[in-house]
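Here is how the chains run, residue by residue.
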Amino acid sequence: MCPKRGVCVVYSEKRKDVNQRTPVMSSNYTIKSSISESLLTPFQVEFIKKVHNRYFKASKLKRELFNYWDTYFPGNSKVDGKVIKSLKHYDDLKKRVMDCGSFTEYKVAIGSDKIQLVRANFCKKDKICSACAVNRAYRQHKKFLQSLEVYPYEYDDDLLGKHWYYIVTPVRHSREECFDVVYNRVDTLRKAVLMQMRDMRRGKSNGFWSQFNGGMGSIEITYNSNGWNVHINWLVNSDYKVQFYEFVDKNGKSWYQNKRLEAFLRRFNDSYIHSISELSFSNRDEIRDNLMEVLKYVLKFSNLEVHHLVYLYYYLYRKRLFFTFGNLRALDLESVDDVVIGDNIEDYEDFVNLIYRRLSDDTYEYLFSY
């Protein structure tokens with residue numbers, strides 16, 4: 001049903017099957033509405049084209065993924081009884097992911113540029129669908145910004161008045177180590193960090209992580225010449241300033257580290273390289289910029305080679321790659337299905353451009369040269 005106080009424009013995609021080559025955008029979507037497309041403003045038409053184009057780009061990657069899956073996992077070899085319970089389950093998953101974005105519904109205002117994406121058949125499989133990965137990250141970003149505004153009234157505390165830090169904690173790894181070894185090392189690190197924070201609240205710890213009130217974290221996974229690179233991006237807040245010093249490597253590149261954090265990381269395969277930087281939360285643009293470093297994890301995941309992606313889709317079943325803790329835990333950023341996407345078009349477009357730039361940003365890769 002179309003929302004009130006607006007005209008509904010519905011587009012559906014003409015596609016016979018999930019293996020069909022995606023045609024050009026102009027002939028792929030048909031308008032299903034009582035109004036003429038000529039009534040839309042150029043801005044509204046351009047926005048709809050951008051939405052559809054994003055799903056076309058995602059469809060190409062997903063076709064490659066399922067072609068590999070079908071070729072190298074023939075018949076019942078796809079079925080593991082847990083992630084893929086039957087061949088029908090796999091076929092349903094494939095259809096759902098490949099049909100993602102084939103139906104979109106917009107609320108437009110006649111006589112102005114206002115437009116809102118109100119409904120679509122999103123597959124919500126953000127680990128293998130980059131379009132849904134963007135949607136999920138945007139919803140988390142939006143929910144966090146909304147929470148910052150109401151937090152002082154609900155919890156009698158001001159998150160914006162705290163000191164915020166972005167921390168990257170990789171672990172030492174080698175090309176010969178398989179993924180589960182590196183991942184388990186990082187997961188053990190994550191649990192140790194959260195335990196230290198809990199012990200602080202019980203008066204049992206004064207370690208590095210004890211000085212933080214809470215935050216959010218994401219496990220980011222990439223693969224390069226050094227093998228599996230699994231690390232955690234942390235966004236944390238504290239009532240106090242954190243001390244750090246400038247570190248310069250043999251190539252002249254510099255970043256900031258903390259002695260106590262280095263000592264903590266030594267417990268995990270003698271890891272020590274890390275990065276810590278203080279953030280500014282003085283306005284929405286800076287907050288959004290800083291959030292990207294944590295929320296882009298889903299895009300990094302979906303950008304892996306297809307053979308890695310299929311393997312990890314099985315391995316990471318029900319494993320948490322994003323988590324909140326301490327004073328951010330109550331925000332429930334993991335659950336974002338109730339957050340409407342696209343109600344602020346300018347903000348959403350800026351977000352999409354920003355997160356895709358983050359996807360190709362490799363400025364911190366030098367940290368992971370263990």
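Residues numbered from 1 in each chain as written. Predicted model: local features only at pLDDT ≥ 70, side-chain atom pairs only at ≥ 80, totals over all residues. Heavy atoms only, no water.

> Tell me about the overall build of the protein, and please be specific about residues and values.
Along the protein, the regular secondary structure elements total 10 helices and 11 strands. When each of the 370 residues of the protein is scored for burial, the buried share is 53%. For the protein, restricting intrachain contacts to residue pairs at least 6 apart in sequence, the fraction spanning at least 24 positions comes to 73%. Total accessible area on the protein stands at roughly 17,700 Å², and carbon and sulfur atoms take up 49% of it. (Helix = DSSP H or I, 4+ residues; strand = E, 2+ residues; numbered from the N terminus. Buried < 20%, exposed > 50% of the residue type's maximum accessible area, 1.4 Å probe, protein only. Contact = heavy atoms within 4.5 Å. Areas by Shrake-Rupley, 256 points an atom, 1.4 Å probe, with all protein chains shown as cover.)

> Give me the lowdown on the packing of helix α2 (residues 42-72) against helix α3 (residues 87-98), citing residues and values where you can.
Close contact between α2 and α3 brings their axes to 10 Å; oriented N to C, the two are set at 165°. Judged by the inter-axis angle, α2 sits roughly antiparallel to α3. For α2 against α3, the interelement crossing comes out left-handed. Seen from α2, the contacting residues are S59, K62, R63, F66, W69 and D70; seen from α3, they are Y90, L93, K94, V97 and M98. (Axes fitted to C-alpha atoms, helices over the stretch in contact; angles between N-to-C directions. Parallel < 35°, antiparallel > 145°, perpendicular 65-115°, else oblique. Left-handed = near helix turned anticlockwise from the far one by under 90°.)

> Residue-level account of the pattern of salt bridges, with values.
Taken as a whole, this structure holds 14 salt bridges when the rule is applied. Two residues, K162 and D157, come together in a salt bridge whose shortest N-O distance is 3.2 Å. Using a relative accessible area of 12% as the deciding quantity, one classes K162 as buried. According to the relative accessible area criterion, D157 is partly exposed, its value standing at 28%. The salt bridge involving E177 is made with R185; its shortest N-O contact spans 2.8 Å. Each member of the pair, E177 together with R185, is buried. (Salt bridge = Lys/Arg side-chain N within 4 Å of Asp/Glu carboxyl O.)

> Can you lay out the environment of D80 for me, pointing to particular residues and giving the numbers?
Of note, D80 is situated in the loop between α2 and α3. For D80, a relative accessible area of 38% translates into the label partly exposed. C-alpha separation for the pair D80 and Y314, spaced 234 residues apart in sequence, amounts to 8.5 Å. There is a polar contact of 2.9 Å between the side chain of D80 and the backbone nitrogen of V83. Among the polar contacts listed, one links the side chain of D80 to the backbone nitrogen of I84, at a separation of 2.8 Å. (Polar contact = N/O pair within 3.5 Å; in protein donor to acceptor, adjacent residues only side chain to side chain.)

These values are about where atoms sit, not about what they do.
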